[in-house]
Amino acid sequence: MDRRKALKKTGLLAGAALATPSILSLLQACKSEPRLTWKPEFFTHDEASTIGTLVDMILPRTDTPGALDVKVDVFIDKVIAQTYDEIGQQNIRNEIAIFNKRCAENFGAAFASLDESKKVEVLRAEEKSSGKFNPGVWGTTIGTQEPIGFYRSMKSMAIWAYFTSGEIGEKVLNYDPIPGEYDGCKPLSEVGNRWSLG
């Protein structure tokens, strides 16, 4: 799918996420983190490689920046390091190990070591087998949410981090730091890109 269309279609996901000020400050801290010298707070080198490769496959660079350009992997590392308890952190480690083991059994190597075509096959398989989010109303999930699994959880976090990054908010989505008057009858064709939240 074209990146611009994907941005327009999934832009609402960013609006659905309720971000606390502390999480938003983590995202801003990621912006200044140097890419070449980035050292994970939580992930091991192999875990960071898995997450970085995964988010890069989900949101690759096209005519707009990709996940790695806005440091989505750095953000995910900081969120897990600073907001997850020990049990949550261990669960993430276990899930990454299980994900890589499944990749090795089914495709011959850990995810980051696979060639591009096999990575695509992994993502297709994960899309089919992962749990889905229940629909929600005003931030409240309808019904009992079943576990969504590692892949869907990381994909959701990657999309959230991507759309709440300053670069995407200001340069890809529509952005107006001082909004003008409200026009409730404006044709959708005149609106253009989805609007940034910040």
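As the structure is a computational prediction, the values presented were derived from the model and not from experiment.

*Asks:* What exactly am I supposed to notice about the overall build of the protein chain here?
*Replies:* A tally of regular secondary structure across the protein chain gives nine helices and two strands. Sequence-ordered secondary structure for the protein chain, helices as α and strands as β, is α-α-α-α-α-α-β-β-α-α-α. Burial status across the protein chain gives 37% buried among its 198 residues. A separation threshold of at least 6 residues defines the contact pool for the protein chain, and within that pool the share at least 24 residues apart is 64%. About 12,000 Å² of surface is accessible on the protein chain, with carbon and sulfur atoms providing 55% of the total.

*Asks:* Just to check I follow, could you spell out the nonpolar core for this structure?
*Replies:* Soluble globular proteins tend to pack their nonpolar side chains together in the buried interior. Of all hydrophobic cores here, the largest spans 40 residues; its most connected members are Phe43, Ile51, Leu54, Val72, Ile76, Phe111 and Met154. When contributions to this core are tallied by element, the ones reaching two or more residues are helix H3 (45-58), helix H4 (72-83), helix H5 (86-107), helix H6 (116-129) and helix H7 (149-163). Among the elements that line this core, the one with the most residues is H7, at 10 residues. With residues up to four places along the chain from it excluded, the contact list for phenylalanine 111 reads Thr50, Thr53, Leu54, Met57, Phe99, Asn100, Cys103, Lys119, Val122 and Leu123.

*Asks:* Help me understand unusual backbone geometry in this model?
*Replies:* Across the chain, the bulk of peptide bonds are trans and the bulk of non-glycine residues have phi less than zero. The backbone of lysine 71 shows a phi angle near 60°, a positive value even though the residue is not glycine. In this fold, lysine 71 is placed in the loop between H3 and H4. Looking at lysine 71, the relative accessible area reads 12%, which means it is buried.

*Asks:* Help me out: how do you make sense of the environment of glutamate 146 in this one?
*Replies:* The residue glutamate 146 is located in the loop between strand S2 (140-141) and H7 in this model. Overall, the relative accessible area of 53% leaves glutamate 146 in the exposed class.

*Asks:* I keep staring at the environment of threonine 44 and nothing clicks. Help me out?
*Replies:* Relative to the assigned elements, threonine 44 resides in the loop between helix H2 (21-31) and H3. When its relative accessible area of 38% is taken as the criterion, threonine 44 is described as partly exposed. A sequence separation of 49 residues divides threonine 44 from arginine 93, and the C-alpha atoms of the two residues are 9.2 Å apart.

*Asks:* Please clarify how H3 should be interpreted in this entry.
*Replies:* Side chains of residues three or four places apart in an α-helix project in the same direction, reflecting 3.6 residues per turn. The terminal C-alpha atoms of H3 lie 20 Å apart, and with 14 residues this matches the ideal 20 Å at 1.5 Å per residue to within 8%. Of all 14 residues in H3, 10 are buried; the element is thus mostly enclosed. Taken residue by residue, H3 has Glu47, Ala48, Thr50, Ile51, Gly52, Thr53, Leu54, Val55, Met57 and Ile58 as its buried positions. On its buried side, H3 packs onto H4, H5, H6 and H7.

*Asks:* Sorry, what's going on with the packing of aromatic side chains here?
*Replies:* In this description, an aromatic ring pair is defined by two values, namely the gap between the centres and the angle between the planes. As enumerated under the stated definition, the model contains five aromatic pairs in all. Ring centres of phenylalanine 75 and tryptophan 160 lie 5.3 Å apart, and the angle between their planes is 80°; this geometry places the pair in the edge-to-face category. Placement of the pair is phenylalanine 75 in helix H4 and tryptophan 160 in helix H7, with a sequence separation of 85 residues. By the burial criterion, phenylalanine 75 is buried, and tryptophan 160 matches it.

What counts as what
- Within any chain, residue numbers begin from 1 and follow the written order of that chain's sequence.
- Side-chain atom pairs in this predicted model are given and counted only at pLDDT of 80 or more, local residue features only at pLDDT of at least 70, and totals for whole chains, interfaces and linings cover all residues.
- Values reported for side chains reflect all heavy atoms of the structure, with hydrogen atoms and water molecules removed beforehand.
- Helix and strand assignments come from DSSP, with helices taken as H or I runs of at least 4 residues and strands as E runs of at least 2, each series counted from the N terminus.
- Each residue's exposure class comes from its accessible area (1.4 Å probe, protein chains only) as a fraction of the maximum for that residue type: buried when under 20%, exposed when over 50%, partly exposed otherwise.
- Two residues form a contact once any of their heavy atoms are found within 4.5 Å.
- Shrake-Rupley sampling with a 1.4 Å probe provides the accessible areas, and residues are treated as covered by the protein chains on show and by no other component.
- Buried Ala, Val, Leu, Ile, Met, Phe, Trp, Tyr and Cys residues that are joined via side-chain atoms within 4.5 Å together make up what is termed a nonpolar core.
- The span one expects for a helix is its residue count, reduced by one, times 1.5 Å.
- Two rings belonging to Phe, Tyr or Trp (six-membered ring only in the last case) form a pair when the distance between their centres is within 6.5 Å. Interplanar angles under 30 degrees mark stacking, angles over 60 mark edge-to-face geometry, and anything in between is tilted.

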